[in-house]
Amino acid sequence: MYRAAVERELDQGELRDITPSDFFVEHDFRLIWQRGSLAARRYQEIARSWRR
């Protein structure tokens, strides 16, 4: 679960974070845009910067 989605509940003690200290999560992230988009060049720049 994304922390941002439950920040209020964590702050108010309704939920507790029980994530193990040695736990690491990594997953793919994909950018998808409409062909011919005026922002396509910018999206490609962002994708290139993330690959570095």
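Before any of the text, the structure's been laid out above.
Residues numbered from 1 in each chain as written. Predicted model: local features only at pLDDT ≥ 70, side-chain atom pairs only at ≥ 80, totals over all residues. Heavy atoms only, no water.

**A short note on the overall build of the protein**
And then number 1: When you go through the protein residue by residue, the secondary structure sums to two helices and zero strands.
And then number 2: Over its C-alpha atoms the protein spans a radius of gyration of 17 Å, topping by over 25% the 10 Å that the globule rule assigns to 52 residues.
And then number 3: If one aligns the C-alpha atoms of the protein with their principal axes, the spans along those axes are about 45 × 25 × 15 Å.
And then number 4: The proportion of buried residues among the 52 residues of the protein is 10%.
And then number 5: Treating the 10 positive side-chain charges of the protein as one cloud and the 9 negative ones as another, the clouds have centres 15 Å apart. (Helix = DSSP H or I, 4+ residues; strand = E, 2+ residues; numbered from the N terminus. Rg over C-alpha atoms; globule rule 2.2 N^0.38 Å. Buried < 20%, exposed > 50% of the residue type's maximum accessible area, 1.4 Å probe, protein only. Lys, Arg positive; Asp, Glu negative; His and termini not counted. Charge placed at Lys NZ, Arg CZ, Asp CG, Glu CD.)

**A word on the packing of aromatic side chains**
And then number 1: According to the stated counting rule, one finds one aromatic pair in the structure shown.
And then number 2: With 5.5 Å between their ring centres and 40 degrees between their planes, W33 and Y43 make a pair best called tilted. Here the residue W33 occupies a position in the loop between α1 (7-11) and α2 (40-51), and Y43 occupies one in helix α2, the gap between them amounting to ten residues.
And then number 3: Judged by its relative accessible area of 30%, W33 falls in the partly exposed class. (Phe/Tyr/Trp six-rings, centres within 6.5 Å; stacked < 30°, edge-to-face > 60°.)

Purely geometric numbers; function is a separate question.
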